[in-house]
Amino acid sequence: MEFTKYHGLGNDFILIDNRDDPKPRITSEQALQLCDRNFGIGADGVIFALPGQEGTDYTMRIFNSDGSEPEMCGNGIRCLAKFLADLEGANHKTHYRIHTLAGVIIPELKDDGKVRVDMGMPQLSAAQIPTVLAEADQKVINTPIEIADKLWEVTCVSMGNPHCITFVEDADAIPLETIGPLFEHHSVFPQRTNTEFIQVVRPDYLKMRVWERGAGATLACGTGACASVVAGVLTQKSDRICTVELPGGCLDIEWSETDQRVYMTGPAEQVFSGKLSPIWG
């Protein structure tokens, strides 16, 4: 079985051509082994390009490095768009309609090599995120939560997957490996959560570090960058058009005032291709 590895700002994925079968060709347990950076290929997740459904071009499924399955992945869908274009060759599309567990997502391949993605409208009610930090139909904005004997003010946003954003003075000073799991597994998040620690450099420039649900500390998180700009607008800390600096590089994010949809633009690059041993199927 062939695979290709891509990364989006260092957030790396194993891509598998699964277009001939609606079921992923490997299990979540096998994906966990493949993602191991010492005993496998090494990646933050495994992404499958499956046949489209409900009028879409393709379907995206992803297993995290811990074997769990998230609804969607922003950096991952940019990598998937590049992968599909490479599979299709010279006559590839410039736009794809991708079915995901978070709904239909539309990436667009740009002439400069970057991928612009219509990430859809953010979901802001506590029930949609989901979290019990507020009543089901209420927003969670600057709400206190106690973690590690400290009160943190958090704003919660769903980009099809749950995000908890907190604004800090110095993002580099956050002990991610210690604090991140406490946020992810806190009882107020019934489906766990991604957590973004945001330093406002300027209203149009945010610095972000992230602890991803199911993957831990990663170099980038596309949905997290989108959620962070939405949270910045909700808390009057940022503009609607922002550069978000992540450890792996920068993403351009816009929360459109016209249609209320979030647009993400960033790179996706192929790293290498290979073949899995026969034990993988």
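Treat the numbers as computed from the prediction; the structure is a model and nothing was measured.

Draft legend 1. Fine view of the overall build of the chain. For the chain, the helix and strand inventory stands at four helices and 17 strands. Its C-alpha atoms give the chain a radius of gyration of 18 Å, within 12% of the compact-globule value 19 Å for 281 residues. Judged by the C-alpha coordinates and their principal axes, the chain covers about 50 × 40 × 35 Å. When contacts within the chain are restricted to residue pairs at least 6 apart in sequence, long-range pairs at least 24 apart make up 60% of them. Summed over its atoms, the accessible surface of the chain is roughly 12,000 Å², and 47% of this surface lies on carbon and sulfur atoms. Taken as two groups, the 24 positive and 39 negative side-chain charges of the chain have centres that lie 3 Å from each other.

Draft legend 2. Layout of the pairing of strand 11 (residues 194–202). Looking at chain direction, strand 10 (residues 162–167) and strand 11 are connected through five bridges and run parallel. Looking across to strand 11, one finds that Ile165 is bridged to Glu196. Regarding topology, helix 3 (residues 176–184) serves as the crossover connection from strand 10 to the parallel strand 11, and that connection is right-handed. Taken together, the seven bridges between strand 11 and strand 12 (residues 205–212) define a ladder with antiparallel strand orientation. Across the sheet, Val200 pairs through a bridge with Leu206, a residue of strand 12. Hairpin connection between strand 11 and strand 12: a loop of two residues separates the two successive antiparallel strands.

Draft legend 3. Looking closely at the environment of His186. Here His186 shows up in the loop between helix 3 and strand 11. With 40 residues separating them in the primary sequence, His186 and Glu146 have C-alpha atoms 9.8 Å apart. Once residues lying within four places of it in the same chain are set aside, the contact partners of His186 are Ile145, Glu146 and Ile147.

Draft legend 4. Quick peek at helix 2 (residues 74–88). In a regular helix each residue adds 1.5 Å, so 15 residues correspond to 21 Å; helix 2 covers 21 Å between its end C-alpha atoms and thus fits that length. A large share of helix 2 lies buried, amounting to twelve of its 15 residues. For helix 2, the complete set of buried residues consists of Gly74, Asn75, Gly76, Ile77, Arg78, Cys79, Leu80, Ala81, Lys82, Phe83, Leu84 and Ala85. Positive backbone phi, approximately 80°, marks Gly89, located one or two places after helix 2.

Draft legend 5. Geometry of the domain arrangement of the chain. Taken domain by domain, the chain comprises domain 1 (2–118 + 267–275) and domain 2 (126–260). Across the boundary between the two partners, domain 1 contributes 20 residues, which contact 23 residues of domain 2. Of the roughly 1,300 Å² buried at the junction of domain 1 and domain 2 (both faces included), carbon and sulfur atoms supply 45%. The interface formed by domain 1 and domain 2 contains two salt bridges. Among the ionic pairs, Glu71 bridges to Arg213, the shortest N-O distance being 2.5 Å. Across the domain 1-domain 2 interface, the total number found is six residue pairs in polar contact (both at pLDDT 80 or more). Here the side of domain 1 that touches domain 2 takes three residues from helix 2, the largest share from any one element. When its residues are assigned to classes, the side of domain 1 that touches domain 2 shows six nonpolar, eight polar and six charged.

Draft legend 6. Layout of the UniProt feature "active site" (unreviewed entry) in the chain. Here the UniProt feature "active site" (unreviewed entry) sits at Cys73 and Cys221. These residues run over 149 residues, yet every pair of their C-alpha atoms falls within 7.6 Å of each other. Residue placement: Cys73 occurs in the loop between strand 4 (58–64) and helix 2. Residues contacting Cys73, with those up to four places away along its chain left out, are Asn11, Phe13, Met60, Ile62 and Thr223. Looking at where Cys221 falls in the secondary structure, it is placed in the loop between strand 13 (216–217) and helix 4 (222–234). Excluding residues within four positions of it along the chain, Cys221 makes contact with Asn11, Asn75, His163, Glu196, Met208, Val210, Glu212, Leu246 and Leu251.

Draft legend 7. Representation of the pattern of salt bridges. This model, assessed by the stated rule, comprises 13 salt bridges. The closest approach of N and O atoms between Asp17 and Arg19, which form a salt bridge, is 2.8 Å. By relative accessible area, Arg19 is classed as partly exposed at 33%. In this structure, the salt-bridge partner of Glu108 is Lys110, at a minimum N-O distance of 3.5 Å. According to the relative accessible area criterion, Lys110 is partly exposed, its value standing at 34%. A network of salt bridges, in which partner residues are shared, links Lys5, Asp12, Arg37 and Asp44.

Quick notes on the rules
Residues numbered from 1 in each chain as written. Predicted model: local features only at pLDDT ≥ 70, side-chain atom pairs only at ≥ 80, totals over all residues. Heavy atoms only, no water. Helix = DSSP H or I, 4+ residues; strand = E, 2+ residues; numbered from the N terminus. Rg over C-alpha atoms; globule rule 2.2 N^0.38 Å. Contact = heavy atoms within 4.5 Å. Areas by Shrake-Rupley, 256 points an atom, 1.4 Å probe, with all protein chains shown as cover. Lys, Arg positive; Asp, Glu negative; His and termini not counted. Charge placed at Lys NZ, Arg CZ, Asp CG, Glu CD. Pairing = 2+ DSSP bridges. Right-handed = clockwise from strand over helix to strand, strands pointing away. Expected span 1.5 Å × (residues − 1). Buried < 20%, exposed > 50% of the residue type's maximum accessible area, 1.4 Å probe, protein only. Domains from an automatic or database assignment. Buried area = accessible area lost by both parts, 1.4 Å probe. Salt bridge = Lys/Arg side-chain N within 4 Å of Asp/Glu carboxyl O. Polar contact = N/O pair within 3.5 Å; in protein donor to acceptor, adjacent residues only side chain to side chain. Nonpolar A, V, L, I, M, F, W, Y, C, P; charged D, E, K, R; others polar. UniProt positions renumbered as here; feature names shortened; annotations may be inferred.

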